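# Residue-level structure breakdown
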Amino acid sequence: MRFRSVLGHFCTGVTVVTGMSGGGPVGFACQSFAALSLDPPLVLFCPQRTSGSWAAMSSAGAFCVNVLAEDQRDLSAVFGRAGADKFAGVSWSPSSTGAPVLDGALTWVDCRVTTVHEAGDHFVVIGEVVELGPERDARPLLFYRGRYAAQADLDPRGWSGEVLDTLLTWQRQSEWS
Ligand SMILES: Cc1cc2nc3c(=O)[nH]c(=O)nc-3n(C[C@H](O)[C@H](O)[C@H](O)COP(=O)(O)OP(=O)(O)OC[C@H]3O[C@@H](n4cnc5c(N)ncnc54)[C@H](O)[C@@H]3O)c2cc1C
Ligand SMILES: NC(=O)c1ccc[n+]([C@@H]2O[C@H](COP(=O)([O-])OP(=O)(O)OC[C@H]3O[C@@H](n4cnc5c(N)ncnc54)[C@H](O)[C@@H]3O)[C@@H](O)[C@H]2O)c1
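Before going into details, it helps to say that this report is about the structure given with it. (Residues numbered from 1 in each chain as written. Chains lettered and ligands numbered in written order. Predicted model: local features only at pLDDT ≥ 70, side-chain atom pairs only at ≥ 80, totals over all residues. Heavy atoms only, no water.)

## Brief notes about the overall build of the chain
Helix and strand counts for the chain come out as 4 helices and 12 strands. Put simply, 61% of the contacts in the chain that link residues at least 6 apart link residues at least 24 apart. Surface accessibility of the chain: about 9800 Å² in total, with carbon and sulfur atoms responsible for 53%. (Helix = DSSP H or I, 4+ residues; strand = E, 2+ residues; numbered from the N terminus. Contact = heavy atoms within 4.5 Å. Areas by Shrake-Rupley, 256 points an atom, 1.4 Å probe, with all protein chains shown as cover.)

Below, the structure written as structure tokens:
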């Protein structure tokens, strides 16, 4: 679809937006995250209207945006599709709002929901920042043209699925130069 093809050229980081439901922790991979306001400090993200995870966390009125590091691609895959228990085997601790902070995140932003706007087949959720996480010294996970990417892929002359597959198998930071 042309919309996805064109919009896929807008390279972003990847986050996992987490929260607590009555039944435990919930979360989903989310690309549509942005800083919104400095005074007051606000951020936004956009869940699909059909998202069960958003529905489950919204009643708590809080969420945590976990910014993923490049070595967390597997975590993004787990949280990027519907699943009964995405947190099985995932280490986390509660933020001050109670939302899960995922171990190994590049950094995180803990928020209370202030406003939810309806927009097409998504919601725009705005949150006031309650707490900011520490900053891990690591590279970010990127999403580009429908795939996870490495910084070296961003030159379109060098981009190919084959090269990307190789890059995605790299494990050590020393191989990135
Ligand atoms: C790189 C990337 C970026 C993405 N960016 C976005 C984005 O910006 N916006 C977006 O919307 N999607 C985005 N997605 C897609 C999104 O991650 C998936 O659609 C999402 O994981 C679907 O998950 P869901 O939990 O909402 O699924 P659903 O099937 O809707 O919900 C099922 C989950 O909801 C929870 N749940 C439901 N009801 C309850 C309940 N009563 N109590 C407790 N838990 C309950 C359970 O944990 C269950 O696992 C992205 C995916 C990828 C890979
Ligand atoms: N904003 C979103 O809701 C969003 C963003 C990215 C991926 N996804 C979902 O994650 C899954 C994996 O994606 P993929 O690897 O096939 O990438 P893709 O090729 O579908 O995505 C390419 C680009 O299209 C846009 N996009 C894709 N689905 C969208 C949606 N439902 N609403 C708004 N924009 C959307 C995003 O900008 C994305 O970077 C798909 O089910 C996709 O729908 C959803």
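## Digging into the pattern of salt bridges
Across all of its chains, the model carries 2 salt bridges by this definition. The partner of Arg136 in a salt bridge is Asp71, with the nearest N and O atoms 2.7 Å apart. Here the residue Arg136 occupies a position in the loop between β10 (122–132) and β11 (142–144), and Asp71 occupies one in the loop between β6 (62–67) and α3 (73–79), the gap between them amounting to 65 residues. Since its relative accessible area comes to 33%, Arg136 is described here as partly exposed. (Salt bridge = Lys/Arg side-chain N within 4 Å of Asp/Glu carboxyl O. Buried < 20%, exposed > 50% of the residue type's maximum accessible area, 1.4 Å probe, protein only.)

## Considerations on the sheet that holds strand β12 (residues 147–149)
Hydrogen bonds between backbone groups are what pair the strands of a sheet, and the pairing can be parallel or antiparallel. Reading across the sheet, the 3 strands line up as β1-β11-β12 and stay open at both edges, with antiparallel pairing between neighbours. Looking at which strands have only one partner, the edges of the open sheet turn out to be β1 (12–13) and β12. Summarising the sheet, β1 and β11 pair through 2 bridges and their orientation is antiparallel. Bridge assignment links Thr12 to a residue of β11, and that residue is Phe143. (Pairing = 2+ DSSP bridges.)

## Points about the pairing of β10
The pairing of strand β5 (residues 42–45) with β10 spans 4 bridges and is classified as antiparallel. Bridge pairing links Leu44 to Ile126 in β10. In textbook terms, the turn of a hairpin is the stretch between consecutive antiparallel strands, and for strand β9 (residues 107–119) and β10 this stretch comprises 2 residues, one of which, Gly120, has a positive phi near 60°.

## A few points about the environment of Thr115
Summarising the element assignment, Thr115 is placed in strand β9. Classification of Thr115 by relative accessible area gives partly exposed; the value is 30%. In sequence terms Thr115 and Leu44 are 71 residues apart; their C-alpha atoms lie 9.5 Å from each other.

## A look at the nonpolar core
Val17, Phe28, Phe45, Trp54, Met57, Phe63 and Val125 are the most contacted members of the largest nonpolar core, which has 14 residues in total. Taken together, the elements giving at least two residues each to this core come down to β3 (24–30), β5, α2 (52–58), β6, β9 and β10. In terms of residue count, the dominant contributor to this core is β3 (3 residues). Leave out the neighbours within four places in its chain, and Val125 touches Val43, Leu44, Phe45, Pro47, Trp54, Phe63, Val113, Thr115 and Val116. Grouped together as the second largest cluster of nonpolar side chains are 10 residues, Leu68, Leu102, Leu141 and Tyr148 included. (Core = buried A, V, L, I, M, F, W, Y, C linked by side-chain atoms within 4.5 Å.)

## Section: the environment of Val129
Mapped onto the fold, Val129 is located in strand β10. Val129 sits 55 residues away from Asp74 along the chain, and the two C-alpha atoms are 27 Å apart. With sequence-adjacent residues up to four places away left out, Val129 is seen in contact with Pro41, Val43, Val109, Asp110 and Cys111.

## Focus: the site of ligand 2
Phe3, Arg4, Leu7, Gly8, Gln31, Gln48, His122, Phe143 and Gly146 make up every residue found near ligand 2. At a separation of 3.0 Å, an oxygen atom of ligand 2 approaches a polar side-chain atom of Arg4. With respect to ligand 2, the backbone of Gly146 contributes an N or O atom lying 3.1 Å from an oxygen atom. Relative to its free-state accessible area of 660 Å², ligand 2 is covered by the protein chains to the extent of 60%. Looking at which element gives the most residues to the shell around ligand 2, the answer is helix α1 (residues 2–7), with 3 residues. (Near = heavy atom within 4 Å. Polar contact = N/O pair within 3.5 Å; in protein donor to acceptor, adjacent residues only side chain to side chain.)

## As for the site of ligand 1
Contacts to ligand 1 come from 24 residues, most closely from Ser32, Ser51, Gly52, Ser53 and Gly83. A distance of 2.8 Å separates an oxygen atom of ligand 1 from a polar atom in the backbone of Ala29. Contact between ligand 1 and Ser32: an oxygen atom at 2.6 Å from a side-chain N or O atom of the residue. Elements that contribute at least two residues to the shell around ligand 1 include exactly β3 and α2. The element that contributes the greatest number of residues to the shell around ligand 1 is β3, accounting for 4 residues.

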